[in-house]
Amino acid sequence: MSQTTVYTIACPRCGSRQPVELCESINVRENPALREDLMANRLNIVVCAGCGHRFRVDKPLLYHDPERRFMIYLYPAPEEQAAEAERLFRGMIERLAGRSLPTPAPAMHLVLNRVELVERIFLLEAGLDERIIEYVKHSVYTKNSNRLDPVRKRLLFNAQDSTDEHLFFVVQDVETRQLEAVIQYNRAAYRALCETFDDDVQTARLLELFPGPYISARRLLLEPPAPRSHDSPSAPDLSEI
Ligand SMILES: [Zn+2]
């Protein structure tokens, strides 16, 4: 079910308060037009009745694709609040599980902004694995560390422009949000990674790197997990694969 709720929102320009109907959940099977609104950045856009200023209201949003059996929870927050978002996400899943989650249960994803939500929708619709895509981003960051600082640059997967030969990633400046460069990654290398990770030991390594629910190469680079007390030979080594 797609849901909306009416909120009183103050215009960021003139301060005028007005009732606004905001979308809080999208079911793409029941309401595919809302997916298009989301992708075109038309969802939860308000035009102020007082001054005509146009702005977007960022609210938590649950995106559900029943055909492909995934749900993505958008909790708008800066990346530093990822741990708090994960706590809320787990609480939401417990509440959902107490009601009527479809069976088999959909895969649950957590993202922190609209750009990540759109990226994840396209990625899942293309049948790709979010952990392996973040793994690829991690290796792109580490191989280009002199010009791709994860603090200042975000890598976004671009499913629409990707081809049978190449996966495309876009470099976005975190502060200005400008898109600055395109990076190609050989799809054959992605397929090879999928094969590599297709066994229990390697899957465990991938899960260790990206335990989730918030899965992000930047987070792994900016908040590396605490070192272990001893160096195990099976410790994940990103340069190995
Ligand atoms: Zn206004």
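Definitions and limits used
Residues numbered from 1 in each chain as written. Predicted model: local features only at pLDDT ≥ 70, side-chain atom pairs only at ≥ 80, totals over all residues. Heavy atoms only, no water. Buried < 20%, exposed > 50% of the residue type's maximum accessible area, 1.4 Å probe, protein only. Helix = DSSP H or I, 4+ residues; strand = E, 2+ residues; numbered from the N terminus. Arc of directions from axis to C-beta. Contact = heavy atoms within 4.5 Å. Polar contact = N/O pair within 3.5 Å; in protein donor to acceptor, adjacent residues only side chain to side chain. Pairing = 2+ DSSP bridges. Axes fitted to C-alpha atoms, helices over the stretch in contact; angles between N-to-C directions. Donors = N, O, S within 2.8 Å, 3.2 Å for Na, K, Ca; no water. Tetrahedral: all angles 85-135°; square planar, octahedral: opposite > 155°, others 65-115°. 1 Å grid on protein atoms, 1.4 Å probe; cavity = no way out; pocket = protein on both sides within 12 Å on 5 of 7 lines; lining within 4 Å. Points joined across faces, edges and corners; volume = space filled by probe spheres on them. Nonpolar A, V, L, I, M, F, W, Y, C, P; charged D, E, K, R; others polar.

1. Examining helix α6 (residues 200–209)
Here α6 has its buried residues at Q202, R205, L206 and L209. Angularly, the buried residues of α6 cover 95° about the axis, an arc narrow enough to put them on a single face. Taken together, the buried residues of α6 touch α4 (130–143), α5 (187–196) and α7 (217–222). Between the side-chain oxygen at the start of α6 and the backbone nitrogen of V201 there is a gap of 2.8 Å, and the oxygen is on D199.

2. Examining the sheet that holds strand β10 (residues 179–186)
Spatially, the 3 strands line up as an open sheet ordered β8-β9-β10, and their pairing is antiparallel. Two strands in the sheet have a free side with no partner beyond their single neighbour: β8 (153–158) and β10. The mean angle between the axes of side-by-side strands here comes to 30°, regardless of whether they run parallel or antiparallel. Where β8 meets strand β9 (residues 166–173), 6 bridges bridge the pair, whose relative direction is antiparallel. Bridge assignment links L156 to a residue of β9, and that residue is V170.

3. A look at the coordination of the zinc ion
C11 (SG), C14 (SG), C48 (SG) and C51 (SG) make up the full set of protein donors to the zinc ion, lying at 2.3 to 2.4 Å. Considering all 4 donor atoms around the zinc ion, angles at the metal cover 104 to 113° and the coordination shape is tetrahedral. Along the chain, the residues donating to the zinc ion fall in the pattern C-x2-C-x33-C-x2-C. Separated by 34 residues along the polypeptide, C14 in the loop between β1 (3–10) and β2 (17–27) and C48 in the loop between β3 (45–47) and β4 (54–56) bring together distant segments of the chain. C14 sits in the partly exposed class, given a relative accessible area of 41%. Residue class for C48 comes out buried when judged on its relative accessible area of 4%.

4. Digging into unusual backbone geometry
At the junction of G212 and P213, the peptide bond is cis and its omega measures out at 5° in the coordinates. Mapped onto the fold, P213 is located in the loop between α6 and α7. Of note, the phi angle at N41 is positive, near 55°, even though the residue is not glycine. With respect to the element layout, N41 can be found in the loop between α1 (32–39) and β3. On the basis of relative accessible area, N41 is assigned to the partly exposed category, the value being 28%. With phi around 55°, N44 is a residue other than glycine that occupies positive phi space. Along the polypeptide, N44 turns up in the loop between α1 and β3.

5. Brief notes about the layout of surface pockets
Of the pockets and cavities examined, the second largest pocket occupies roughly 340 Å³. Taken together, 16 residues make up the lining of the second largest pocket; nearest its centre are N113, R114, V115, R154 and R177. Split by residue class, the lining of the second largest pocket holds 7 nonpolar, 2 polar and 7 charged.

6. Regarding the sheet that holds strand β6 (residues 70–74)
With respect to topology, 5 strands assemble into an open sheet ordered β1-β2-β5-β6-β7, the strand pairing being mixed. The strands lining the two open edges of the sheet, one partner per strand, are β1 and β7 (107–111). Across this sheet, the average inter-strand angle for adjacent strands is 25°, counted without regard to direction. Summarising the sheet, β2 and strand β5 (residues 61–65) pair through 3 bridges and their orientation is parallel. Bridge pairing links S25 to L62 in β5. Sitting on the sheet, helix α3 (residues 114–125) is in contact with β5, β6 and β7, with an inclination near 170° to β6.

The quantities given are spatial measurements derived from coordinates; they are silent on function.
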